[in-house]
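# A look at the structure
Here is what each chain is made of, one letter per residue.
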Amino acid sequence: MDRPTPFPIQADTLPDTLAGRDVLGRGKTGSGKTLAFAIPLVVAVDKARGSRRRPGRPVGLVLAPTRELATQITATVEPLAKALGLNVTTIFGGVKQSRQEQALGNGVDIVVACPGRLEDLMRQRIVDLSDVAVTVLDEADHMADLGFLPVVTRILAATPSDGQRMLFSATLDNGVDKLVRKFLSEPVMHSVDPENSPVADMTHHVFEVSGKDDKTELVRVLASGMGRRILFTRTKHQAKKLAKQLTAQGIPARDLHGNLSQPQRDRNLEAFSTGTARVLVATDIAARGVHVDDIELVVHVDPPAEHKAYLHRSGRTARAGSAGTVVTVMLSEQKRDTVALLKKADISARPVAVTATAPVVTDLVGEPAPFVTPAPEPAPQQQPRRRSSGGQQQARPPRSRRGEPHPGGRGSQSRDGQPRGGQQRSGAGQSRGTQQSRGAQQSRGGQQQRRRATRPAG
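The text that follows walks through the structure, step by step, so that each part is easy to find. (Residues numbered from 1 in each chain as written. Predicted model: local features only at pLDDT ≥ 70, side-chain atom pairs only at ≥ 80, totals over all residues. Heavy atoms only, no water.)

### Description of helix H5 (residues 115–123)
Those residues of H5 that fall on the buried side of the exposure criterion are Pro-115, Arg-117, Leu-118, Glu-119 and Leu-121. Those residues of H5 that are buried are in contact with strand S2 (60–63), strand S3 (88–91), helix H4 (98–106), strand S4 (110–113), helix H6 (140–145) and helix H7 (149–157). Looking one or two residues past H5, Arg-125 carries a phi angle of roughly 60°, positive in sign. (Buried < 20%, exposed > 50% of the residue type's maximum accessible area, 1.4 Å probe, protein only. Helix = DSSP H or I, 4+ residues; strand = E, 2+ residues; numbered from the N terminus. Contact = heavy atoms within 4.5 Å.)

Here it is, written out as structure tokens:
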């Protein structure tokens, strides 16, 4: 049996990281960085931890910019940690902190965290970083893009200055260089790829369409193939809308964007990973940190705003030595900006005017996948209705615990008896069973008597 061959970033960095040196690693997306730091991380934690775990005081720390990336890092680290008897927990926002708090309280060896929630727990004194012996900062340039560097700076300052630190980043701009100078001690730099270098096994196409209808049909055809594909849009609304449209057209799709709760994001990503849905429609939230095997096509439904986003979006395919295809769809009026963006990304693809039935499109898509009948949407639940004294049906007003109309409904009152919002309300005052003439003022006691009089028996 052939021995597995390490990727260049792994072969270059492991001798230094395993020796305990601070390392600055730079490599393109999909180059194997996670395993490059996961191995020395668990080795260092195993050496540094004491005989027992201390509640809320991890020994290893990994910082990641997104929940998806944090989850996938944990999936890589956990098997290695388990082999050495170490445990790992993941910390990020968007979910209740009670489970994370419980895990920390029980004692944890390695924490994989997003900066925002970790700093919240530090402020609450639920976690203390004084025992951290090794810190990893992954996708540091994306941290900078998201505005996390001030938080990251405070977190790193809370770790021991003599601990080992590893920083991995595709670029060193936007303040990443300042982190390196401040927190890494005599770092050994390993750069296995030129900055912004494209992936060798990635094929790029730029398809130009004349109008929005042509674009809609082209995107549908590109999504209709047999293999997994990710479609990137600029906005959350577009991602949600496109996923619904494709599903209705027999192409199972899920959306992934910032408006979804963490459980929704997990379910949609799981459906894509297991093949329940062949298409993932995402905003740039998925451009980093989402690694699903065998993604054969990435489609830029909307060209990204800048070249780094293009490279990271595209990097969801052709990962770990596999081949992949990238398509950018642009309207004629977007041609100038798109060409400039590709030039910055060092991509040499030339725009080609196409329709959805053009041979270059059908050859790229290959055999369309079978039509999948969309599941029927559940019928909307109707509000219970009751009859008024006049025989007309009326919707029952929402009730508070004390029997008063729910705040925000007509006639709702504050504790001092005034209508909510601080203004005396005039006009139609409505009891549960009858309507009074405009301008009539009724006492609260009279309202309660009419409620009792008109309330159905039982």
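### Section: empty space enclosed by the protein
Inspection of every chain in the model, using the stated rule, returns 2 cavities of 30 Å³ or more. Around the second largest cavity sit Thr-135, Val-136, Leu-137, Leu-156, Arg-165, Met-166, Leu-167, Phe-183 and Leu-184, which together line it. Counting residues per element, the ones that place at least two in the lining of the second largest cavity are strand S5 (134–137) and strand S6 (164–168). In terms of residue class, the lining of the second largest cavity is made up of 7 nonpolar, 1 polar and 1 charged. (1 Å grid on protein atoms, 1.4 Å probe; cavity = no way out; pocket = protein on both sides within 12 Å on 5 of 7 lines; lining within 4 Å. Points joined across faces, edges and corners; volume = space filled by probe spheres on them. Nonpolar A, V, L, I, M, F, W, Y, C, P; charged D, E, K, R; others polar.)

### Description of the packing of aromatic side chains
Evaluation of the coordinates by the stated rule reveals 1 aromatic pair. For the pair Phe-37 and Phe-168, a centre-to-centre distance of 5.6 Å together with 50° between the ring planes defines the contact as tilted. Here the residue Phe-37 occupies a position in helix H2 (residues 33–48), and Phe-168 occupies one in strand S6, the gap between them amounting to 131 residues. For the pair Phe-37 and Phe-168, one class covers both residues: buried. (Phe/Tyr/Trp six-rings, centres within 6.5 Å; stacked < 30°, edge-to-face > 60°.)

### Focus: unusual backbone geometry
Positioned with a positive phi, Arg-125 is a non-glycine residue whose angle comes to about 60°. As for its placement among the helices and strands, Arg-125 is situated in the loop between H5 and S5. Its identity is not glycine, yet Glu-186 carries a phi of approximately 45°, on the positive side. The residue Glu-186 is located in the loop between helix H8 (176–183) and strand S7 (188–191) in this model.

### Notes on the pattern of salt bridges
According to the stated counting rule, one finds 15 salt bridges in the structure shown. The salt bridge partner of Asp-16 is Arg-21, with a shortest N-O separation of 2.8 Å. A relative accessible area of 13% means that Asp-16 is categorised as buried. Asp-128 is the salt-bridge partner of Arg-57, the closest N and O atoms lying 3.1 Å from each other. Note that Arg-57 is positioned in the loop between H2 and S2 and Asp-128 in the loop between H5 and S5, a separation of 71 residues in sequence. Given the relative accessible area of 29%, Asp-128 is considered partly exposed. One continuous salt-bridge network, built from bridges that share partners, spans Arg-54, Arg-57, Asp-128 and Asp-131. (Salt bridge = Lys/Arg side-chain N within 4 Å of Asp/Glu carboxyl O.)

### Topic: the pairing of S4
Burial along S4 is two-sided: Ile-110 and Val-112 and Val-111 and Ala-113, pointing in opposite directions, are all buried. Examined bridge by bridge, S2 and S4 share 4 bridges and lie parallel to one another. Bridge pairing links Gly-60 to Ile-110 in S4. Bridge count between S3 and S4: 4 bridges; the pairing is parallel. Pairing of Val-88 across the sheet is with Ile-110, part of S4. Assessed by its sense of winding, the connection that carries the chain from S3 through H4 to S4 is right-handed. (Pairing = 2+ DSSP bridges. Right-handed = clockwise from strand over helix to strand, strands pointing away.)

### Let's talk about the sheet that holds strand S10 (residues 253–256)
If you trace the 7 strands from one edge of the open sheet to the other, you get S10-S11-S9-S12-S13-S8-S14, paired in parallel fashion. With partners counted over all chains shown, the strands left at the sheet margins are S10 and strand S14 (351–353), one partner each. Pairs of neighbouring strands in the sheet enclose a mean axial angle of 25°, with direction left out of account. By the bridge criterion, 4 bridges tie strand S12 (residues 295–300) to strand S13 (residues 324–331) in an arrangement that is parallel. The residue of S13 that forms the bridge with Val-299 is Val-327. In the packing of helix H12 (residues 307–314) onto the sheet, the strands contacted are strand S8 (202–209), strand S9 (228–232), S12 and S13, and the crossing angle to S12 comes to about 155°. (Axes fitted to C-alpha atoms, helices over the stretch in contact; angles between N-to-C directions.)

### Regarding the sheet that holds S7
Read from one edge of the open sheet, 7 strands run S3-S4-S2-S5-S6-S1-S7, paired in parallel fashion. Where the open sheet ends on each side, the last strands, each with one partner, are S3 and S7. Put simply, the sheet's adjacent strands are angled 15° from each other on average, direction ignored. Packed on one face of the sheet, H2 meets S2, S4, S5 and S6 and runs near 170° to S6.

### Examining the environment of Leu-280
With respect to the secondary-structure elements, Leu-280 resides in strand S11 (residues 279–282). Spatially, the C-alpha atoms of Leu-280 and Arg-229 are 6.5 Å apart, while their sequence positions differ by 51 residues. Those residues within four positions of Leu-280 in sequence are excluded, and the remaining contacts are Arg-229, Ile-230, Leu-231, Arg-254, Asp-255, Leu-256, Asn-268, Leu-269 and Phe-272.

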